[in-house]
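Overview (structure and organization)
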Amino acid sequence: MSNYILHFKKIFYIILFSSAVWFISFSIFPENQVIKIEVGEISPNSFSAPRFLSVVDQKKTDILKEEAISNVPPVYSIDSSITTDVIDGVTEMFLTVIKSRTEEILDQSDDEELEQSDPNLIIINLTKSEQIQKIRSSVLFSTISTSAIEVLVEVSNIDKNNETNFLTQIEFEAKNKANEILSKGISNESLNQQRQSIVSNPPTLNLSSELYAIVPEARISSTVGEIIGENLIANQKLEDELWNEQKAKAEDAVENVTVQFFKDEIIVNEGEPIDEVIFQALNEFGFLSGESRTVQTAAIPIIFSVFLVLYVLLWRLRDSIWANDNELLLMLTLILISSIFLRGVSYFSQVSDLEFIQYALPVSFVGIISVTLLNLRATLILSLSSSLLALAGGGNIGLVALGALGTIIPAIFLSEDTDRALLRQRIVYISLTQPLLAFGVYFFLRDEGNLTQILIFSFLTALVANLAAFALTSYIESIFRLTSSFKLSELADRNHPALRYLEDNALGTFNHSLVVGTLADRAANKIGANSQLARAMAYYHDLGKTMNPTMFVENQIGATNPHDKLLPTESANIIKSHVVDGIKLAKKFKIPEIVYQCILEHHGDAVIRFFYEKEKSENPNVSREDFRHLGEKPSSRESAILMLADSLEAACRAIFMNEDADEKKIKNVIEEIFNEKISDGQLSNAPITFQELDIIRESFQISLEGLYHQRVLYPEITEEE
């Protein structure tokens, strides 16, 4: 099923881009006009209507429809649940006032009695000031004025002392007034205005005159206004669906504005401007159609064939582009750009008198991006696509040759491993080949144009296109989330912020990573893997150790080992954490996923042997699973090489710190590490063969012999010297 989904997704991309190529090519650069004219231009001739025709003035019609839609008022409904929430909020505030009258404390008079029986609760009546303080500390009253709180406390105490229910009456009135306001509906836009209004103009309350004799009516009304304002919530909900229905009805009710042309009536006179209605009439009468429509129709099977060939080639070759959606999208985008270049040049060469335009084809831009960010196969496919698209764009044989060769020539000077310095140098060479191509096509077609002009403009166009490719490579790489050799070179730079951070916080780990990078780079190069990627992976694989550097042996120079004071399980958990910490730091430093994947895979799910064996000596029933790294098994050749190089460097450093290294000892360590990883199944997901493993062994042997070679012991310097 997943395979079908994969094919369906690729086909969807291809159909989408093939449609875009056809549509953009013939909408931006149309060739379906007998007269070359656009809206806003001046008519070169006078045209009469050959028959009756009614044309919709879409511009005026759209204006009327927009006016009708804008006059439809929004449709709101009132959410009754909001009213319940507001009433509950008011209730909660009055309940808080009642609860503030007293406070419960534990009776701690006799400890012995408390131990023998349940503790007694003592209810203490609070003073007015204490009640006010208690209410003010409540979140519900955070915005209520002190004056309002004093009114509530005063009425509450009157009720308590005189057994009246004035506070309940105030609460009832507050709820009624809130309900009245909410029943009219409150929108989000008017909410603040409603709150301010109820506070500045308090409601008239229907309360007992006895209460007003004690507390002035104005103070009680103001208090109720503040309580209602605090709890008000917008309860009007915009009914989008109903509103849209009414707008659609209003739009449908608008009749189209039409302009009628009767037979033999003048459509437009010579010298008059062409508006949209006249342009549409000329098109429907056939004055703007004919020869051109054949070009558009003929282009459909050619464009379809280009993308069908692309699909089949990528599928059969099993190129990395087939597996990587971002690379496929970049390739399809480059085909789209190439088609725009080719159709644009074809179009302007026909509508203008400048004969050199067809030689000023900036298609080398596509070739440079393809070679540096994709691969040679992609560039070859793009070259084939460019030639066929040139054929679809008008059949100009010169553009067919220039499109195909202009796309593939950058591959002669560049490769996937090209860095920015080399690309900067090669741009001039690539630009100089464009005049050579132009001269060849000029000679083949026996063109009569100005050769000097053609050569100059072809060179300048290529130079500008190539400089644009150089400038935009980083942005394109970032947009499509690719990791090219440019990015890998930047990551391997010692001045990269993440490497500086690693060096400053965990120098031992930093030096370890550099050595592992050397081992991985050489081994990857030997088997044809991406050596730049392997080196970058090695540099960042232990980035997580910077979070707790002293817990790792390479950073413990001159210090005691803190693991001596920890349980094996605790130590193992600390060791495991450097994987998770490393991924977090990698994302923080914006390291590409393809590189920081090594952090997750460089240990796989192998057992942390030292602490496992330490725990096992005391607890024979210990589970190996509790001591496995929090990682995944390597999924690429580069990750597999890194896992082996990392383990080898650590093992050799531990062994040859106390004894001299020689060829046999190094070989034994290599065999032990390789056998352990293979037997534990750590390489089961990596696309690597036993033949490649033998080559990697040999590479590691040579590298480690060079690293741990024996040195001559120099004699001591005497006092006299």
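Let me begin by describing the structure that accompanies this report. (Residues numbered from 1 in each chain as written. Predicted model: local features only at pLDDT ≥ 70, side-chain atom pairs only at ≥ 80, totals over all residues. Heavy atoms only, no water.)

**Topic: the side chain of Asn231**
Position of Asn231 relative to the elements: it lies in helix H10 (residues 217-231). Under the relative-accessibility criterion, Asn231 is labelled buried at 13%. What Asn231 contacts, discounting residues up to four positions off in sequence, is Val86, Gly89, Val90 and Met93. (Helix = DSSP H or I, 4+ residues; strand = E, 2+ residues; numbered from the N terminus. Buried < 20%, exposed > 50% of the residue type's maximum accessible area, 1.4 Å probe, protein only. Contact = heavy atoms within 4.5 Å.)

**Some details on the packing of helix H24 (residues 507-527) against helix H31 (residues 690-707)**
Running from amino to carboxyl end, H24 crosses H31 at an angle of 140°, the nearest separation of the two axes being 9 Å. Classified by the interaxial angle, the pair formed by H24 and H31 is oblique. For the pair H24 and H31, the crossing hand works out as right-handed. Across the interface between the two elements, Val515, Leu519, Arg522, Ala523, Lys526 and Ile527 from H24 touch Glu692, Ile695, Ile696, Ser699, Phe700, Ile702, Ser703, Leu704 and Leu707 from H31. Residue classes in the contact of H24 with H31 are distributed as 10 nonpolar, two polar and three charged. (Axes fitted to C-alpha atoms, helices over the stretch in contact; angles between N-to-C directions. Parallel < 35°, antiparallel > 145°, perpendicular 65-115°, else oblique. Left-handed = near helix turned anticlockwise from the far one by under 90°. Nonpolar A, V, L, I, M, F, W, Y, C, P; charged D, E, K, R; others polar.)

**A short note on the packing of aromatic side chains**
In total, this model carries six aromatic pairs according to the counting rule given. A ring pair is formed by Phe12 and Tyr13, whose centres lie 6.2 Å apart and whose planes are at 55°; its orientation type is tilted. Since its relative accessible area comes to 46%, Phe12 is described here as partly exposed. Summarising the aromatic geometry, the rings of Phe52 and Phe262 are spaced 5.2 Å apart at their centres and angled 50° between planes, so their arrangement reads as tilted. On the criterion of sequence distance, the pair formed by Phe52 in the loop between strand E1 (47-48) and strand E2 (53-56) and Phe262 in the loop between strand E7 (258-261) and strand E8 (266-268) is long-range, its members being 210 residues apart. With a relative accessible area of 43%, Phe52 lands in the partly exposed category. By relative accessible area, Phe262 is classed as partly exposed at 45%. Its guanidinium or amino end placed over the ring of Trp243, Lys247 lies 4.0 Å from that ring's centre, counting from NZ or CZ. (Phe/Tyr/Trp six-rings, centres within 6.5 Å; stacked < 30°, edge-to-face > 60°. Lys NZ or Arg CZ within 6 Å of the ring centre and 35° of its normal.)

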